[in-house]
Amino acid sequence: MVTGGGGAAAAMEAWSTSSPVAVTALLLLVLPRLSQAQTFSLPFRQPETCGHNQYFDISALSCVSCGANQRQDSRGTSCVCLPGFQMISNNGGPDIICKKCPENMKGVTQDGWNCISCPSGLTTEGKCHCPTGHILVERDTNGTLLSQATCKLCDENENSFTVANAVGDRCVRCEPTFINISRSCACSDPNILTGGLCFSSTGNFPPRMISAARYGELGKSFTSEWFAKYLQSSAAACWLYANLTSCQALGNICVMNMNSYDPATFDACRLFQFIFENTVGLRTVHSVSFWRQNLPWLFYGDQLGLAPQVLSTTPLPTNFSFRDQNQNTKLKFVAASYDVRGNFLKWQTLEGGVLQLCPDTETRLNAAYSFGTTYQQNCEIPLSKILTDFPTPIFYDVYLEYTDENQHQHIWAVPVLNLNLQHNKIFVNQDGSSSKWLLTRRIFLVDAVSGRENDLGSQPRLIRIATQISLSIHLVPNTKNGNIYPPLITIAYSDLDIKDPNSQSVKVSFSVKYEMNQGEAHVQTDIALGVLGGLAVLSSLLKTAGWKRRIGSPVIDLQTVMKFLVYYAGDLANVFFIITVGTGLYWLIFFKAQKSVSVLLPMPAQEKRFVTYVGCAFALKALQFLHKLISQITIDIFFIDWERPKGKVLKAVEGEGGVRSATVPVSIWRTYFVANEWNEIQTVRKINPLFQVLTVLFLLEVVGFKNLALMDSSSSLSRSPASYIAPYSRILRYAVSTALWLVIGIIQIMFFAVFYERFIEDKIRQFVDLCCMSNISVFLLSHKCFGYYIHGRSVHGHADTNMEEMNMNLKREAESLCSQRGLVPNTDGQTFQIAISSQMRQHYDRIHETLTRVHKEMDYFIKDKLLLERILGMEFMEPMEKSIFYNDEGYSFSSVLYYGNEATLLIYDLLFFCVVDLACQNFILAAFLTYLQQEIFRFIRNTVGQKNLASKTLVDQRFLI
């Protein structure tokens, strides 16, 4: 067996000289074997659970005991010697050796490697301790270790002005304010010591400073350790010495207090305002009246009505485009960043997620600044991660970089609307009127400093986080070249009471939205609605008048008013449909196709009116659909059998014991067959509903037409999975859906009319042919005095015959050896619109009551409708003594079927699809529910129509001659 170091060498030698079999045997010996009882479970330990005399082994992931005279170090992942012991060797972890120091040298040097005698006692760590103002010296200038450490007093006299540094290992020059005020390194009374700076008590020092950090969202206010330590010194150094860093630090404290201003208290923002007002003699920066020399630019002033001037008076002197490479297609934001102490850090672009707390890929983060792309990012972040990533706040002054006509680089200050700002204890920026807003400049993302109450090194009691950041881009009205007003950053902070950072989390969002004044569009929409609505009233009045004539009633009663309202609902639905389709297509075409930007999509809040119009169109169209459905299933229908009996038969007389001759009864099966065919064409349509739904869904989801509804400038049907997917516009979703639905529907209707009905099957004409072959006419009354007549009387005299005779009859008809099928001799007109007289209606009612009487006095005449009558859908001539049969080559009796109402059905299905999609933002669900409701109504129409048909009276020619 190979073991130890020699075994490894022997194994290598065996590997190079042995045969494959020997090598395999060697591997089986050397490689560890997996015991059948072995498991892969281990105890879970964390470094903080290890004991004082243990360290956390980063390899074994467990707690291991330290060696003799050792304890855990500050990190917990290795060991150090106990106080009074020096290190002899140290290889990391527990691999150190400690040796006790002799009695006369109980101290240990700062590096822990040597023992030394300490003149002024020991610290708890066993190191030498020196009094305040002294530095510890353990070695001479050439590094030789002293046998006894010494404590050297730093020279505070005028020639040196030195004090011990914070570590206590060397003397450094005193802070300049000490020397300037007291000519020493001490700031004694009556001078004022604050924030490590010394100020004279005789200067114009700002009074009554308040170090409270306000957390208005939680209703809390407490003394911030950071404010207490640095507010007064920053304000004094800024005011008395015009110290640039101190002025920035003062501005940062004001920003941490949400730029809130209360003239009654001298808090940070009041101090800043005090300095601003008392330095009016200094020049302004870049001619900006709100930006005083030496001070940061924090406010746009506190005048009412100033915000609208800043936001919508002066457009940016540059243009933006969607696709033109010679113009700006991206928003180039840059920021001047400062740390919490007021030090300038750097200029930096906002790309890469500088203001976006939610993590994502760089491509998706940078998509926020692609011009025209509406951006929305939301996430929930653990509070522990925020505390780790943002131990101190970074402050940003944001600018928009642009190039002028001369290709010179410029920046434009971006105003900020801080929703947490309080002015005189009022949240003025939460008001709906922009004239009351107070705009600011500087922002931060996370403040974990001002929430520390007693110790800056402790965990903050409260933390303030920018949970909502929104960037608004407003297009200049009537621009043709993509001019915009200055962008606006709207920011809202949330205050969190820290209890358990590991279990707490916060929801944050970042968005970019584009908007333009929609007033002109609303005016144009209102004008269109008014004009078309007036035409709808006129159309409804004509329909009502036609209906009154068809029911033979001249009286305007409640029924007339209700009928007018139903007609008006249908016409108004068409008005809303036309307006919404036109509006949607306008935004789709003009927004997606433009290069130089002239229009921007309505924001979600601005889409409410459009969505309301769509909802009204659907509700009114549904009412029209139900009205038509009820009208169709309540029509009166008669099947007139022209077949005559064929001779007589002997028939037994029941009860008399004899026989007598009787007329051969006419078979009812032809009538039943025609009635069944009529029932089957009740819901025949000019389109295939299932094909319609599936095709639209395929184009939207698979081909990618739904991507045209994204709120970005791209017109591509495909998007990369790695790219940012903008939110959907409800207007664009509606436009794309309606466009596809109408195009597919129209194509189906054209295919049905041009090809399918001509070469494959025309069920409506086939039904008319069936009536003629069956020798049965159909009499339909859709109104009291109006209806339709299908003349099915056979030109052969009878239809109840055998196959051979039937074929001969058809052959004779094909060779024109018999008369034509029309009601009028030598014509082919078999379908008619009929306006019956009131007398004929009374006969009909009597026939419906009893079939025991014969009515021969009914008469009619046949004529063509006038062109205007066809256009208006009404009859000018009122039938008096005779009923009127209007020639109808268009088979208009289909108006009592689905077939003749395809436009209404197509629009209703489309609106149903769109309403479901607008509510759920899901094309698949909308398609499923649309097809489901189609099948439900088709079932209802067939079922109720069949029952209604069965309840009607079937008569033969003896009762209507």
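Note that the structure is a prediction, hence the values are computed from the model and not measured.

### Things to note about the pairing of strand β28 (residues 488-497)
For β28, the tally of buried residues reaches nine of ten residues, placing the bulk of the element in the interior. Alignment of strand β24 (residues 416-418) against β28, held across three bridges, turns out to be parallel. Within β28, the position partnered with Val416 by the bridge is Ile489. In the sheet, strand β27 (residues 462-474) pairs with β28 via ten bridges, with the strands oriented antiparallel. Residue Ile463 lies in a different strand from β28, and its bridge partner there is Leu496.

### Here we look at the UniProt feature "transmembrane region" (unreviewed entry) in the protein chain
Here, the residues flagged by UniProt with the feature "transmembrane region" (unreviewed entry) are residues 565-590, 690-711, 731-755 and 905-932. In this annotation, residues 565-590 is assigned 100% helix and 0% strand; the end-to-end C-alpha distance for the span is 37 Å. Measuring from the first to the last C-alpha atom of residues 690-711 gives 30 Å, for a span that is 64% helix and 0% strand.

### As for the state of the cysteines
Per the stated rule, a full pass over the model turns up ten disulfides. There is a disulfide in this structure between Cys118 and Cys128, and the S-S distance comes to 1.8 Å. In this structure the cystine formed by Cys118 and Cys128 twists about its S-S bond by roughly -70°; its chirality is therefore left-handed. On the criterion of sequence distance, the pair formed by Cys118 in the loop between β8 (115-116) and β9 (134-139) and Cys128 in the loop between β8 and β9 is long-range, its members being ten residues apart. By the burial criterion, Cys118 is buried, and Cys128 matches it. With no disulfide of its own, Cys771 has Cys772 as its nearest cysteine by sulfur position, at a separation of 8.7 Å.

### Digging into helix α15 (residues 730-759)
Across its 30 residues, α15 extends 42 Å between first and last C-alpha, which sits within 8% of the 44 Å expected from 1.5 Å per residue. At Phe752, α15 shows its maximal bend, which comes to roughly 45°.

### Comments concerning the side chain of Arg941
Mapping Arg941 onto the fold places it in helix α21 (residues 923-951). Within the buried set, Arg941 has no salt-bridge partner at all; the shortest N-O distance to an opposite charge, 12 Å, is to Glu902. Side-chain polar atoms of Arg941 contact the side chain of Gln632, separated by 2.9 Å. Those residues within four positions of Arg941 in sequence are excluded, and the remaining contacts are Leu629, Gln632, Ile633, Gln682, Thr683, Val896, Leu897 and Tyr898.

### Quick look at the packing of aromatic side chains
Note on aromatic pairs: each is described by the distance of the centres and the angle between the planes. Scanning the entire structure with this criterion turns up 42 aromatic pairs. Seen in terms of ring centroids, Phe320 and Phe371 are 4.8 Å apart; in terms of plane orientation they differ by 15°. Their pairing is stacked. With Phe320 in the loop between α7 (306-312) and β19 (332-338) and Phe371 in the loop between α8 (362-366) and β21 (375-382), this pair connects stretches of sequence that are 51 residues apart. The exposure class of Phe320 is buried, given its relative accessible area of 2%.

### Describing the confidence of the model for the protein chain
Per-residue confidence for the protein chain gives a mean pLDDT of 84; residues scoring 70 or more make up 89%. Within the model, the stretch residues 23-32 combines pLDDT values under 50 with eight contacts to residues more than four positions away or in other chains.

### Digging into the pairing of strand β30 (residues 636-641)
With six of six residues buried, β30 is to be regarded as a mostly interior element. Burial along β30 is two-sided: the face carrying Asp636, Phe638 and Ile640 and the face carrying Ile637, Phe639 and Asp641 are both buried. Across six bridges, the pairing between β30 and strand β33 (residues 776-781) is antiparallel. Among the inter-strand pairings, Ile640 is bridged to a residue of β33, identified as Ser777.

### Considerations on the environment of Val508
When you line up the elements, Val508 lands in strand β29 (residues 505-515). Note: C-alpha distance between Val508 and Cys379 (129 residues apart in sequence) is 5.7 Å. Among residues more than four places away in sequence, those in contact with Val508 are Leu357, Cys358, Gln377, Asn378, Cys379, Ile381, Ile465, Ala466 and Thr467.

### Here we look at the environment of Val674
On the secondary structure map, Val674 appears in helix α13 (residues 669-680). Val674 has contacts with Phe639, Phe767, Leu770, Cys771, Ser774 and Ile776, leaving out every residue within four places of it along the chain.

### Let's talk about the packing of helix α4 (residues 225-241) against helix α5 (residues 244-256)
Between α4 and α5, the least distance of the axes is 8 Å, while the angle of their chain directions is 135°. The angle between the axes of α4 and α5 places the two elements in the oblique class. Both α4 and α5 take part in a crossing whose hand is left-handed. In this structure, α4 uses Trp226, Phe227, Tyr230, Leu231, Ser234, Ala235, Ala237 and Cys238 to contact α5, whose residues at the interface are Ser246, Cys247, Ala249, Leu250, Ile253 and Met256. Class assignment of the residues belonging to the contact of α4 with α5 gives a composition of twelve nonpolar, two polar and no charged.

How each quantity is defined
Residues numbered from 1 in each chain as written. Predicted model: local features only at pLDDT ≥ 70, side-chain atom pairs only at ≥ 80, totals over all residues. Heavy atoms only, no water. Buried < 20%, exposed > 50% of the residue type's maximum accessible area, 1.4 Å probe, protein only. Helix = DSSP H or I, 4+ residues; strand = E, 2+ residues; numbered from the N terminus. Pairing = 2+ DSSP bridges. UniProt positions renumbered as here; feature names shortened; annotations may be inferred. Disulfide = S-S within 2.5 Å. Expected span 1.5 Å × (residues − 1). Bend = angle between axes of the 7 residues up to and from the residue. Lys, Arg positive; Asp, Glu negative; His and termini not counted. Salt bridge = Lys/Arg side-chain N within 4 Å of Asp/Glu carboxyl O. Polar contact = N/O pair within 3.5 Å; in protein donor to acceptor, adjacent residues only side chain to side chain. Contact = heavy atoms within 4.5 Å. Phe/Tyr/Trp six-rings, centres within 6.5 Å; stacked < 30°, edge-to-face > 60°. pLDDT = per-residue confidence, 0-100. Axes fitted to C-alpha atoms, helices over the stretch in contact; angles between N-to-C directions. Parallel < 35°, antiparallel > 145°, perpendicular 65-115°, else oblique. Left-handed = near helix turned anticlockwise from the far one by under 90°. Nonpolar A, V, L, I, M, F, W, Y, C, P; charged D, E, K, R; others polar.

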